[in-house]
Amino acid sequence: MIDAINQVVLDGKLVECGAVRYTPAGIPILEGVLQHQSTVLELAKPRQVLCEIRWLLAGEQALSMQTHALGLSVRMNGFLAKKSLNSKTLVLHVQSLQILDPR
C-alpha cells in the first residue's frame, strides 16, 4: 500500500499557547491554537476564511517556542492526527515552524 498524503501548511497568528509538559519518555510538548485568516477562490469567487486550529509541537522546538508572544505570525508545516487514541478531534502536529514577523 502506498502511503496517502497528510501534509498541512498554514499561516496564522498564535492566539493560545500553553505551558510545556513532558511525555513519560521525557519529550517536551507544547500545545496551542493558531488563528488563520485569508481570502481564497472557490468556484471562481472570493471566500473569506477565518478559522482556528489546535496545534501540538514536540521536541526541542517546543522549548524555544514557549517564549514567543501571543499574536506572533507564524507558518506551521505538519500533519493532522487525532488528539488522542479515543478522540475524534483533529490536531495539527507541527513538524516545522517559521516565524513570519520577528519582533
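Refer to the structure presented above.
Summarised in this report is the structure supplied together with it. Please read these numbers as outputs of a predicted model, since none were measured by experiment.

1. Structural notes on the overall build of the protein
When its secondary structure is counted, the protein shows 1 helix and 6 strands. Counted from the first residue to the last, the protein has its helices and strands arranged as β-β-β-β-α-β-β. The dimensions of the protein, computed from C-alpha atoms along their principal axes, are 50 × 45 × 25 Å. Sorting the 103 residues of the protein into buried and exposed places 29% on the buried side. Sequence separation of at least 24 residues holds for 54% of the intrachain contacts in the protein that already meet a minimum separation of 6. Counting every atom, the protein has about 7,100 Å² of accessible surface; 56% of that belongs to carbon and sulfur. Distance between charge centroids for the protein: 6 Å, based on 10 positive and 8 negative side chains.

2. Brief notes about the pattern of salt bridges
Where charged atoms from two side chains of opposite charge approach closely, those side chains can pair. One pass over the structure, following the stated rule, counts 4 salt bridges. Ionic pairing is found between Arg 21 and Glu 31, a salt bridge with its closest N-O pair at 3.2 Å. One end of the pair, Arg 21, is in strand 2 (residues 21–22); the other, Glu 31, is in strand 3 (residues 28–42), with 10 residues separating them in the sequence. Arg 47 serves as the salt-bridge partner of Glu 42, at 2.9 Å between the closest nitrogen and oxygen. Accessibility expressed as a relative area gives 42% for Glu 42, which makes it partly exposed. Among the residues examined, Arg 47 registers a relative accessible area of 45% and is labelled partly exposed.

3. With respect to the pairing of strand 4 (residues 45–58)
Sheet topology note: the strand 3/strand 4 ladder contains 14 bridges and is antiparallel. What sits directly across from Val 40, in strand 4, is Arg 47. In sequence, strand 3 turns back onto strand 4 through a hairpin of 2 residues, with Leu 43 there showing a positive phi of about 55°.

4. Some points on the pairing of strand 3
Here strand 1 (residues 8–17) pairs with strand 3 via 4 bridges, running antiparallel. Within strand 3, the residue paired with Glu 16 across the bridge is Val 33. Relative to strand 3, strand 2 is paired through 2 bridges, and the arrangement is antiparallel. Bridge pairing in strand 3 places Tyr 22 opposite Pro 28. In sequence, strand 2 turns back onto strand 3 through a hairpin of 5 residues, with Gly 26 there showing a positive phi of about 85°.

Analysis parameters
Residues numbered from 1 in each chain as written. Predicted model: local features only at pLDDT ≥ 70, side-chain atom pairs only at ≥ 80, totals over all residues. Heavy atoms only, no water. Helix = DSSP H or I, 4+ residues; strand = E, 2+ residues; numbered from the N terminus. Buried < 20%, exposed > 50% of the residue type's maximum accessible area, 1.4 Å probe, protein only. Contact = heavy atoms within 4.5 Å. Areas by Shrake-Rupley, 256 points an atom, 1.4 Å probe, with all protein chains shown as cover. Lys, Arg positive; Asp, Glu negative; His and termini not counted. Charge placed at Lys NZ, Arg CZ, Asp CG, Glu CD. Salt bridge = Lys/Arg side-chain N within 4 Å of Asp/Glu carboxyl O. Pairing = 2+ DSSP bridges.

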